[in-house]
Amino acid sequence: MKTKNLEAYLSGGVEKHLNGTFTIYGYIDNRKNGEEIGRHKCTYGEYTIKEARERFKIELKDILDLCEEYKIFNNDEWITFDYPHKATF
């Protein structure tokens with residue numbers, strides 16, 4: 001997923017948990033300097049992995065669009081950016 005200044009992508013795998021849930025991770029990079037702006041994660045338990053990946057992609061795209069709209073282009077701005085579904089690492 002790309003915008004003019006940013007690119008978002010999913011990490012390569014899914015983290016499975018003993019309780020049957022799993023976590024998907026995504027990252028947002030600045031396309032101009034290649035630096036990571038931030039990352040997003042979400043844990044799912046009520047969906048198949050395929051359904052969860054589709055939901056996660058939609059969510060990540062929404063976050064990417066918000067970052068572009070509010071000009072969140074570096075990690076310092078990301079840290080203070082309040083958006084829906086914000087994950088804390």
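Now for a look at the structure at hand. Given the structure is predicted, the values throughout are model-derived calculations rather than measurements.

Structurally, Ile79 is set in helix α2 (residues 75-80). Distance from Ile79 to Asn30, taken between C-alpha atoms, is 15 Å for residues 49 residues apart in sequence.

Attention now moves to the environment of Phe56. Of note, Phe56 is situated in helix α1 (residues 49-69). In sequence terms Phe56 and Ser11 are 45 residues apart; their C-alpha atoms lie 11 Å from each other. Excluding anything up to four places from it in sequence, Phe56 contacts Leu10, Ile24, Tyr25, Gly26, His40, Lys41, Cys42 and Tyr44.

On to a positive patch on the surface, then. A grouping of Lys2, Lys4, Arg31, Lys32 and Lys71 is seen on the molecular surface, where their side chains present a positively charged patch. Relative to the assigned elements, Lys32 resides in the loop between β2 (22-30) and β3 (36-44). You can call Lys32 exposed: its relative accessible area is 61%.

So, how was this worked out
- Residues numbered from 1 in each chain as written.
- Predicted model: local features only at pLDDT ≥ 70, side-chain atom pairs only at ≥ 80, totals over all residues.
- Heavy atoms only, no water.
- Helix = DSSP H or I, 4+ residues; strand = E, 2+ residues; numbered from the N terminus.
- Contact = heavy atoms within 4.5 Å.
- Patch = residues over 30% accessible without salt bridge, like charges linked within 9 Å, V, L, I, M, F, W, Y side chains within 5 Å.
- Areas by Shrake-Rupley, 256 points an atom, 1.4 Å probe, with all protein chains shown as cover.
- Salt bridge = Lys/Arg side-chain N within 4 Å of Asp/Glu carboxyl O.
- Lys, Arg positive; Asp, Glu negative; His and termini not counted.
- Charge placed at Lys NZ, Arg CZ, Asp CG, Glu CD.
- Buried < 20%, exposed > 50% of the residue type's maximum accessible area, 1.4 Å probe, protein only.

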